[in-house]
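If you want the building blocks of each chain, they are given just below.
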Amino acid sequence: MPYPALRLLIQVALGILIGYAYRQNVEVWFWLALSLTLITLIALAIEHYRPSQALHAIWLIGYLVSIPAGFAAYTAALYEILPEETVLKFANEEVIVFAKAETDASTKNRVTQWTASVEKVILLRTADTLTASGKVRVRQYWRNTSTTSLRIGEKFWLQGRLELPKPAMNQGEFDYRAFLAEQEIYLLLISSDKSVFIKTDQVDVGSFNEKIILPAYRAISASLERLFPSGDERAFIKGMILGERSGISDEVRAAFQKTGTIHVLAISGLHVGLIALTLNIFLKRLKTTKLGKWSALLVYAAVLVCYSNITGNSPPVKRAVLMAILFEVGAMLERKSYSLNTLAAAAVLMLAWNPRELFSPSFHLTNSAVAAIILIYPRLSGRYVPERETLLSKILKYFWDAGAMTVAASLGTALFIAYYFGSVPLLGLLANLVVTDMVSLALMASIPALILDGLGLGIAEYYAVCAYYLIRGAIFVAERFSQIPFVNLQLRITPALIILFFLILATLLTLEQRRWMVRLASASLLLATVLIVQSELEKVPEPTIVFNALGRGSAIIFKTSTESILIDAGVSPKQWNRIEKQVQTVCGGVLTAFVQAHSPPKVAHAVGLNKKMLWGDSVLKLNTIVAYRPARALIKVFSKECNLLIASSAGVLKPNEFFKADVALIRLKRFKQKDAEVFKGWWHYAQPKLTVVELSGALTGFERKRFYRFAQTIPHIKTTERDGQIFFSTAHGYSTLRAQ
């Protein structure tokens, strides 16, 4: 088999998934892996002296099983076993930390942020000084942010509160907690302008970083600032070369995301490939002798590793660097290398270094894109071969190949994009054809601009001007494409469908291969199809009521089989994008009417629906849904499946028939002892299947604690601020996003 690394990757991925799913069984996986490894080695050693089919089968099975078992143990230990001095044990505590800056401090919207490694913690509650370890993300809210100037390696004392990062509150939203966890950051250190901040004279960056990485990073950064004027163009180029994208405006970022061209903002194989090409040109003369080849390989690998460190060692860069080095090693040894096998080997090395990469969207997107280019691009490119080599045919061939590569990469990543972002860009292929080429040319112009600027030659400015206007053009194209209606197709994808898609693709690609490969792919495809059909048959019905978590205010989707209404839309028009995404997910973007319960008038009037029930209206009657407002503080919504009661305070609740409901939303502006008694009396009478409580910002800290103590005494009470998005189905009851 020409793809041993691919087989190994499947074993490694399987082991990581098993270890993550059953991570509480760390010892079981460890002893199983150790036992299987010993059995494999013993069987292999005996077979070396006494060959037999039985021993061969034993060590072969042991090898196939021991690797997944080993990675299961490794992954389970990674998630379950924390260092004794972990900073995590100080979560939700007021502290003063002594830490080392791992990144430079950057400021945006009057908030300064950086990553730091904690060394000591002073617990303000007890005044104890304790040793601690682990990384935190510092978020400093200061009026005068110019006072914060930290560089990598500098040590400091800072007062603040250690908090867990917020996870995704609604389905399909960005999960900040998971994003930081991929970087092994599990806590935020929140600091204000009244907090203690002392920068010491101690600096610890390591000799490699101090002498090579940091000077190179700062030299490139200074060169970019000299060559390009401030603005989105400079921030774009800085992100493209150094991986620092914090300066890019939210509007530009949103335009690239909406058109499916967001990948050009990340450092990927294109950047590493251009550097590798440049290195090969400069090192070509060295490769005339065996010693020269080895020397060239060492220089080649060293430069690429340094560049990976300069850009922060992101998964796409690590993967591209590993692939480039593996290809170069294969070329030096004069051995045939298979691109897919090299990609798999790079993925195995990344997972061996950090198994968490397997759950990273970046890992999925980069590897699926490269795999699709390796497998699909040659077939598409070969569809057009000019009969004669003329200037016109070369231009047409260039655009054909560029389009073929875009199509291949888009096919590989489309389902992952739909899974993670809930939509697929319909015009992504067309936008990618233009934007990717412009960005590639800009990158080709930026590299000589940096080299020439480093040499002090004025000609660098001409290359910089070319790069600047190419990036400006790419931003212009992305913004124009993003304004086209229906540029995105909302699509809900499950992991099972992703597996089925790639099995179908593998089956089609192996039809011309060996018979056993076709049979294996066909059997896998059939099995996956059966499992998906079974899961669809057992699929839980869609929820009837969805309570979206907005942080402030509420937005409730109440639906039947033919109609859907939105009750409230938060407290600010800025929240509409989040609400709209949930409307797309829950009811395909189609709303029949809007009901105003607590949202202010400016929000209610901004909702673009013809049918509305505002504060002055008492009845909304649709075909399958009826909403009735007997008083300003009360609304009741009816359908054949269930009914919903909405109350603006606990004080209006009464033990009578109107207040009986399957589901209730109670808004609390205050929660005194009397309110608790009224709430409890109503609940015992009405016995709702689910009670969702919206806690107003007007509640005092004491009242909030009183409510949560009270909620422990009453079953089926939930809040979106703690439980995230809440779903209610007549047939299956309720569930929360945190519990899924």
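As a reminder, the structure under discussion sits directly above these lines.
Conventions we followed
Just so you know, the residues in each chain are numbered from 1, in the order the chain's sequence is written. Whole-chain, interface and lining totals are the exception, using all residues; otherwise, since this is a predicted model, local features are given only for residues with pLDDT of at least 70 and side-chain atom pairs are given and counted only at 80 or more. Calculation of side-chain values draws on the structure's entire complement of heavy atoms; hydrogens and water are dropped beforehand. Think of it this way: a Phe, Tyr or Trp ring, Trp meaning its six-membered ring, pairs with another when their centres are within 6.5 Å, and the plane angle makes it stacked under 30 degrees, edge-to-face over 60, tilted otherwise. Secondary structure elements follow DSSP: runs of H or I no shorter than four residues count as helices, runs of E no shorter than two count as strands, and numbering proceeds from the N terminus. Relative accessibility thresholds used throughout: buried, under 20% of the residue-type maximum; exposed, over 50%; partly exposed, between the two (1.4 Å probe, protein chains only). Our definition puts a charge over a ring when NZ of Lys or CZ of Arg is within 6 Å of the ring centre and also within 35 degrees of the ring normal. Two strands are counted as paired when DSSP detects at least two bridges linking them. Both cavities and pockets are sets of points on a 1 Å grid over the protein atoms alone; in a cavity a 1.4 Å probe fits but cannot get out, in a pocket the set is open with protein on both sides within 12 Å along at least five of seven lines, and lining residues sit with an atom within 4 Å of a point. Grid points are joined across faces, edges and corners, and a volume is the space filled by probe spheres set on the points. Under the convention adopted here, Pro, Cys and the residues Ala, Val, Leu, Ile, Met, Phe, Trp and Tyr are nonpolar, Asp, Glu, Lys and Arg are charged, and Gly plus all remaining residues are polar. Definition used for salt bridges: Asp or Glu carboxyl oxygen within 4 Å of a side-chain nitrogen of Lys or Arg. Think of a patch as exposed residues, more than 30% relative accessible area, with no salt bridge, where like charges cluster within 9 Å and nonpolar side chains (Val, Leu, Ile, Met, Phe, Trp, Tyr) cluster within 5 Å. A 1.4 Å probe and the Shrake-Rupley method give the accessible areas. Residues count as covered only by the protein chains that appear here. Here, two residues are considered to be in contact whenever any of their heavy atoms come within 4.5 Å of each other. Structural elements are reduced to axes, namely lines fitted to C-alpha atoms, with helices fitted over the stretch in contact, and the angle between N-to-C directions of any two is expressed from 0 to 180 degrees.

> Whenever I open this one, the packing of aromatic side chains confuses me. Can you help?
How two aromatic rings sit relative to each other is given by the distance of their centres and the angle of their planes. Applying the stated criterion across every chain yields a total of 18 aromatic pairs. Pairing F679 with W682 gives two aromatic rings, centres 5.8 Å apart and planes at 85 degrees, and the pair type is edge-to-face. With F679 and W682 both in helix 20 (residues 673-686), this residue pair falls three residues apart, about one helical turn. You'll find F679 and W682 in the same group, each marked buried. Put simply, the rings of F671, F679, W682, F707, Y708 and F710 pair up and form one aromatic cluster. Cation over ring: R23 sits above Y20, and NZ or CZ is 4.4 Å from the ring centre. When the ring centre of Y79 is taken as reference, the NZ or CZ atom of R356 above it lies at 5.3 Å.

> In this structure, what is going on with the pairing of strand 6 (residues 154-163)? I would like to understand it.
Summarising the sheet, strand 1 (residues 93-101) and strand 6 pair through eight bridges and their orientation is antiparallel. For E94, the partnering residue across the bridge sits in strand 6 and is R161. Here four bridges tie strand 6 to strand 8 (residues 197-203), and the two strands are oriented antiparallel to one another. Across the sheet, the residue bridging to E154 is V203, located in strand 8. Where strand 6 lies against strand 7 (residues 185-192), three bridges are found, and the strand directions are antiparallel. Paired with R161 across the two strands is I190, which belongs to strand 7.

> Before we go on, may I ask you to explain empty space enclosed by the protein in this structure?
Using a probe with the size of a water molecule, rolled over the atoms, empty space left in the structure can be pinpointed. Per the stated rule, a full pass over the model turns up two cavities of 30 Å³ or more. Each pocket or cavity is described by its volume, and for the largest cavity that value is around 70 Å³. At the level of secondary structure, the elements contributing two or more residues to the lining of the largest cavity comprise strand 11 (545-549), strand 12 (554-559) and strand 21 (690-695). Of the residues in the lining of the largest cavity, the class split is six nonpolar, four polar and one charged.

> When you look at the pattern of salt bridges in this model, what are you seeing that I'm missing?
Applying the stated criterion across every chain, the model contains 17 salt bridges. For R670, the salt bridge identified is with D675, shortest N-O distance 3.6 Å. The structure contains a network of salt bridges with shared partners spanning E94, R161 and E163.

> Got a minute to help me understand a nonpolar patch on the surface in this structure?
A contiguous nonpolar surface patch, about 590 Å² in accessible area, is contributed by F30, W31, L34, L38, I42 and I46. Mapped onto the elements of the fold, F30 is located in helix 2 (residues 26-49). Classification of F30 by relative accessible area gives partly exposed; the value is 43%.

> Any chance you could explain the environment of V264 here in plain terms?
Position of V264 relative to the elements: it lies in the loop between helix 7 (250-258) and helix 8 (269-283). On a C-alpha basis, the gap between V264 and M240 in space is 7.4 Å, while along the polypeptide they are 24 residues apart. When sequence neighbours within four positions are dropped, the list of residues in contact with V264 reads F236, M240, F256, V435, T436 and V439.

> Any chance you could explain the sheet that holds strand 12 here in plain terms?
By way of backbone hydrogen bonds, the strands of a sheet pair with one another, either parallel or antiparallel. In spatial order, the strands read 15-14-13-12-11-23-24; together these seven strands make up an open sheet with mixed pairing. Two strands close off the open sheet at either side, each with one partner strand: strand 15 (612-613) and strand 24 (733-736). Packing of helix 18 (residues 576-587) onto the sheet brings it into contact with strand 11, strand 12 and strand 13 (564-567), and relative to strand 12 it is tilted by some 20 degrees.

> Please explain the sheet that holds strand 19 (residues 643-647) as it appears in this structure.
Strand order in the open sheet made by the seven strands is 16-17-18-19-20-21-22, with mixed pairing throughout. The open sheet has two free edges, formed respectively by strand 16 (619-621) and strand 22 (717-718), since each of these has just one partner strand. Sheet topology places strand 19 next to strand 20 (residues 663-668); four bridges connect them, and they run parallel. Residue pairing for strand 20: L644 is matched across the bridge by V663.

> In this structure, what is going on with unusual backbone geometry? I would like to understand it.
The general pattern is negative phi for most residues beyond glycine and trans for most peptide bonds. The phi angle at A127 is positive, at roughly 65 degrees, despite the residue not being glycine. Within the secondary structure, A127 is located in the loop between strand 3 (111-123) and strand 4 (128-131). Here the phi dihedral of H716 falls at roughly 65 degrees; this positive angle occurs in a residue that is not glycine. Here H716 is to be found in the loop between helix 21 (701-711) and strand 22. With relative accessibility at 37%, the residue H716 sits in the partly exposed group.

All we've got here are geometric facts, nothing functional implied.
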